[in-house]
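Structure assessment
One-letter residues, chain by chain:
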Amino acid sequence: MKKNKTKNNIANNSNSRKRISLLDIKSPSDIKNLNKKELDYLAVEIREFLIDNVSKTGGHLASNLGAVEITLGLHYVFNSPTDKIIWDVGHQAYVHKMLTGRLNAFSGLRKTGGMSGFPKRVESPHDIYDTGHSSTSIPAALGMATARDLSGETYDIIAVIGDGSMTGGPSFEALNNAGNINTKIIILLNDNGMSISKNIGGISEHLGKLRTSTGYQQAKVKVKGKLNQVPVLGSGLKSAIGSTKENIKYMLMPEGVLFEEFGLTYIGPIDGNNINDVITGLNQAKKADGPVLLHMITEKGKGYIPAERDPNVFHGIGPFDKETGAALSSGKTTYSEVFGEALFDVAKYNDRVTAITAAMCDATGLGPMLTEFPERVFDVGIAEAYGVIFAAGQAISGYHPFVAIYSSFLQRAYDEIMEDVCLQKLPVTFAVDRAGVVGADGETHHGVFDLSYLLPMPGLSIFTPCDANELRLMIKKCAYIDAPTAIRYPRGAAEMDLLLDQPIEDDQSYNIRLFDGKDLDLYAVGTMLRHAIDARDLLSIEGIDAGIVYIGMVKDGSNMEPEPETYLLYDKQSNKPIFTIEDNVITGGFGEYLASVLNNNGFNTNNRICNLAWPDKFIEHGDTKDLFNIYKMDAVGICQKVIEYMEKRINENAN
């Protein structure tokens, strides 16, 4: 009813001029002749389109609803792609995609073969920089700006960054250089008070005070106005009171000078959901010299009550009922939820256990622990490297932190895992969430590299549970290991039924033989066990008898020189082929690690080990089931690869 009323109000207020529709927009130039009221109408239509389409495909809704006026203003004032707009992370760029000729592609948003949910240079010349991880826009903008200056060009470069992304180290490193380089860039700070979880830390408090403080800007305008009225002496007086200006700054707005201390011109705060204010602010920034920070306040989820009420849920959501906002998910328990519940259970009996996350407390399942033990849960913001060092500090002081970070985000802390945790042999457990292919978020979010970057870490034990039950047991075990550990588990619904006949006891090896087979062995890492079991059934139809070994512990960090018996189990004398199956890229993964262990211990692996893993490429976005099928990583694909390999081996032996 509310939406229909809104539409009727728009219709009743329209004048004789024909109003442009969202469907009429093929490029940003199509909105440049609109008046402010027409832009407001367009904003309403854009929000209706977003809600309708994302309810069907899933995606990042709340952030895009809040950025509608900002996006309209950017394309109204600037000339993309000549002027360069860089979207930090990029989950707020849906409206940008609408205005740059991709409206009809939204039915395939984040689907296999469809449009990406993030900016992609291959999609459009208006997508200037591929993003997906946070805090990269300002550094990239500065790099582009220096290249522009070297080339003698004059176009504008705008970095659109959220207040959550401002907590990341690269953002501050870039700000520190922006004033020194002193080239013209515009940093548009889209401040909605949130990243994914609610923002925390000093920068969040600073921005919170800026949102409510207008004294300095008003005082500056009044002082300049009065001085300009003084004949002859006016300009000299303005120069002479430079120190007074600084004192005014600190007196009226002591928290608001941070950005100007970096050497940036600060403009704001501005209402980022008011198109008049947005356009005015962007024009001011465009006219300014040197680096500018334009601070805009927006409401995440604006225009859709369920998203306004719970922007965290609607940050990234699957298909939902647009009338009620209720998710259309299966309701199955996820691995993240299993992790959170299990860690909470451990924390109840072990008061030395803490939890650390990087702006994703709810997404990583830490809600229960945060509710019951808030003093032992630490959200460090979008600052993974800092979070790992922070964990090392706790560990060296007698605590056992669990660092819950997505696999692809943990890459940003590679050096800290090695130097601060593993080198010091500290009891930190890395809960590597979203390990393996994750689906719709695509290249920037697939966790297919973590085995490759964690396996070389000396002293680090890596656990790979096959189902929810094994994940619970491994969390309990790791909490009492006085050394670095990692547990990797995938995104999505957890395997709640036991894949193993009985749980692995603490004193057992986590690598066990489940089935004997006279023709070959399938070595299944973690949750790939389900695919291996199904593949074994398919192979039996083809007359091939396959054994299965479950790899629940890819690497035992306490054993600095792994013994081949750990993996070969009861088949040391056999010459059967071994097929390793893992949700990781081939290079540096478990398959190559196993081959190196065997080779280093004098075992002949020629023509014996075949590694089945993701190819060494960036896997595109798409439905997870589709991706497993396309790359032959499901049971059918595994069966096909095994048969092809066995036939090739037979032919080679015959020759």
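What counts as what
- Residues numbered from 1 in each chain as written.
- Predicted model: local features only at pLDDT ≥ 70, side-chain atom pairs only at ≥ 80, totals over all residues.
- Heavy atoms only, no water.
- Helix = DSSP H or I, 4+ residues; strand = E, 2+ residues; numbered from the N terminus.
- Buried < 20%, exposed > 50% of the residue type's maximum accessible area, 1.4 Å probe, protein only.
- Contact = heavy atoms within 4.5 Å.
- Areas by Shrake-Rupley, 256 points an atom, 1.4 Å probe, with all protein chains shown as cover.
- Core = buried A, V, L, I, M, F, W, Y, C linked by side-chain atoms within 4.5 Å.
- Pairing = 2+ DSSP bridges.
- Axes fitted to C-alpha atoms, helices over the stretch in contact; angles between N-to-C directions.
- 1 Å grid on protein atoms, 1.4 Å probe; cavity = no way out; pocket = protein on both sides within 12 Å on 5 of 7 lines; lining within 4 Å.
- Points joined across faces, edges and corners; volume = space filled by probe spheres on them.
- Nonpolar A, V, L, I, M, F, W, Y, C, P; charged D, E, K, R; others polar.
- Salt bridge = Lys/Arg side-chain N within 4 Å of Asp/Glu carboxyl O.
- pLDDT = per-residue confidence, 0-100.
- Polar contact = N/O pair within 3.5 Å; in protein donor to acceptor, adjacent residues only side chain to side chain.
- Expected span 1.5 Å × (residues − 1).
- Phe/Tyr/Trp six-rings, centres within 6.5 Å; stacked < 30°, edge-to-face > 60°.
- Lys NZ or Arg CZ within 6 Å of the ring centre and 35° of its normal.

Notes on the overall build of the chain
Looking only at helices and strands, one finds 26 helices and 17 strands in the chain. Per-residue burial over the chain gives 56% buried out of 655 residues. Counting contacts in the chain only where the partners sit at least 6 residues apart, residues at least 24 apart contribute 76% of the total. Roughly 27,500 Å² of accessible area belongs to the chain as shown, and the carbon and sulfur atoms make up 51% of that amount.

Quick word on the nonpolar core
Phe-339, Leu-343, Ile-475, Leu-522, Leu-529, Phe-579 and Trp-614 are the most contacted members of the largest nonpolar core, which totals 66 residues. Looking at this core, the element that brings in the most residues is helix H15 (residues 335-349), giving eight residues. Apart from the residues within four sequence positions on either side, Trp-614 is in contact with Val-437, Val-448, Glu-582, Asp-583, Asn-584, Val-585, Ile-586, Ile-619, Leu-627, Phe-628, Tyr-631 and Met-633. Counting 53 residues, the second-largest nonpolar core is a separate cluster that includes Leu-42, Val-77, Ala-285 and Val-292.

Let's talk about the sheet that holds strand S13 (residues 520-525)
Spatially, five strands are ordered S12-S14-S13-S16-S17 in an open sheet, and the strand pairing comes out mixed. Pairing within the sheet leaves two strands with one partner each, and these edge strands are strand S12 (511-515) and strand S17 (609-614). For this sheet, the mean angle separating the axes of adjacent strands, direction not counted, is 25°. Here S12 pairs with strand S14 (residues 546-551) via four bridges, running antiparallel. By the bridge assignment for S14, Ile-512 is matched with Tyr-550. The sheet contacts of helix H24 (residues 590-600) involve S13, S14, strand S16 (578-585) and S17, and relative to S16 the element is tilted by about 135°.

Digging into empty space enclosed by the protein
The tally for this structure, following the rule as stated, stands at two cavities of 30 Å³ or more. Around the largest cavity sit Ala-435, Thr-464, Pro-465, Arg-488, Tyr-489, Pro-490, Val-525, Gly-526, Thr-527, Met-528 and Asp-583, which together line it. Along the lines of polarity and charge, the residues of the lining of the largest cavity split into six nonpolar, three polar and two charged. The volume enclosed by the second largest cavity comes to roughly 40 Å³. Taken together, Thr-357, Ala-358, Met-360, Thr-364, Glu-384, Ala-404, Ile-405, Tyr-406 and Phe-409 make up the lining of the second largest cavity. Ranked by the residues each element gives to the lining of the second largest cavity, the list is headed by strand S8 (residues 400-406), at three residues. Of the residues in the lining of the second largest cavity, the class split is six nonpolar, two polar and one charged.

With respect to the pattern of salt bridges
Across all of its chains, the model carries 21 salt bridges by this definition. Lys-97 is the salt-bridge partner of Glu-123, the closest N and O atoms lying 3.1 Å from each other. In this pair, Glu-123 sits in the loop between helix H5 (94-102) and helix H6 (137-150) while Lys-97 sits in helix H5, placing the two residues 26 residues apart along the sequence. Residue Glu-123 is classed as partly exposed on the basis of its relative accessible area, which comes to 28%. Among the residues examined, Lys-97 registers a relative accessible area of 0% and is labelled buried. Lys-617 serves as the salt-bridge partner of Glu-620, at 3.8 Å between the closest nitrogen and oxygen.

Section: the pairing of strand S9 (residues 429-433)
Along S9, five of the five residues are buried, which leaves the element largely enclosed by surrounding structure. Residues Thr-429, Ala-431 and Asp-433 line one face of S9 and the alternating positions Phe-430 and Val-432 line the opposite face, and both faces are buried. The sheet contact formed by S8 and S9 spans five bridges and is parallel. Among the inter-strand pairings, Phe-402 is bridged to a residue of S9, identified as Thr-429.

Quick notes on the confidence of the model for the chain
Overall, the prediction assigns the chain a mean pLDDT of 87, with 86% of residues at 70 or greater. Under a pLDDT of 50 for its full length, residues 236-256 has, in the predicted model, 31 contacts with residues more than four places off or in other chains.

With respect to the side chain of Arg-434
Within the secondary structure layout, Arg-434 lies in the loop between S9 and helix H20 (450-454). A relative accessible area of 13% means that Arg-434 is categorised as buried. A distance of 2.7 Å separates a polar atom in the side chain of Arg-434 from a polar atom in the side chain of Ser-336. Non-local contacts of Arg-434, meaning those with residues more than four positions away in its chain, are made with Ser-336, Ala-363, Tyr-406, Ser-407, Gly-447, Tyr-489, Pro-490 and Arg-491.

Here we look at H6
Its 14 residues give H6 an end-to-end C-alpha distance of 20 Å, which sits within 8% of 20 Å, the value for a rise of 1.5 Å per residue. Of all the residues in H6, the buried ones are Ser-137, Ile-138, Ala-140, Ala-141, Leu-142, Met-144, Ala-145 and Arg-148. The elements touched by buried residues of H6 are strand S1 (84-87), strand S2 (157-162), helix H7 (169-181) and strand S3 (186-191). Positioned one or two residues after H6, Gly-152 has a phi angle of 75°, which is positive.

Some remarks on the packing of aromatic side chains
This model, assessed by the stated rule, comprises 20 aromatic pairs. Arranged with centres 5.7 Å apart and planes meeting at 50°, the rings of Tyr-386 and Phe-390 form a pair that is tilted. Taken together, the positions of Tyr-386 and Phe-390, both in helix H17 (residues 384-395) and four residues apart, correspond to about one turn of that helix. Residue classification places Tyr-386 among the partly exposed positions, given a relative accessible area of 44%. When the ring of Phe-463 is compared with that of Tyr-510, the centres are 5.4 Å apart and the planes differ by 90°; the resulting orientation is edge-to-face. Taken as a pair, Phe-463 in strand S10 (residues 461-463) and Tyr-510 in the loop between strand S11 (485-488) and S12 lie far apart in primary sequence, 47 residues in all. Here Phe-463 matches Tyr-510 in class, with each residue buried. Three or more aromatic residues joined by ring pairs form one cluster here, namely Phe-49, Tyr-94 and Phe-106. One residue, Arg-352, lies across the ring of Tyr-399, its end atom 3.9 Å from the ring centre. Against the face of Phe-373 rests Arg-376, its NZ or CZ located 4.3 Å from the ring centre.

Thoughts on the side chain of Thr-131
For Thr-131, the position within the fold is in the loop between H5 and H6. A polar side-chain atom of Thr-131 sits 3.0 Å from the main-chain carbonyl oxygen of Trp-87. In this view, Thr-131 contacts Trp-87, Val-89, Gly-90, Phe-118, Pro-119, Thr-136 and Thr-444; residues no more than four positions away in its chain are not counted.

Comments concerning the environment of Ala-479
Its location among the elements puts Ala-479 in the loop between helix H21 (468-478) and S11. On the basis of relative accessible area, Ala-479 is assigned to the buried category, the value being 7%. Between the C-alpha atoms of Ala-479 and Val-353, which are 126 residues apart in sequence, the distance is 7.1 Å.

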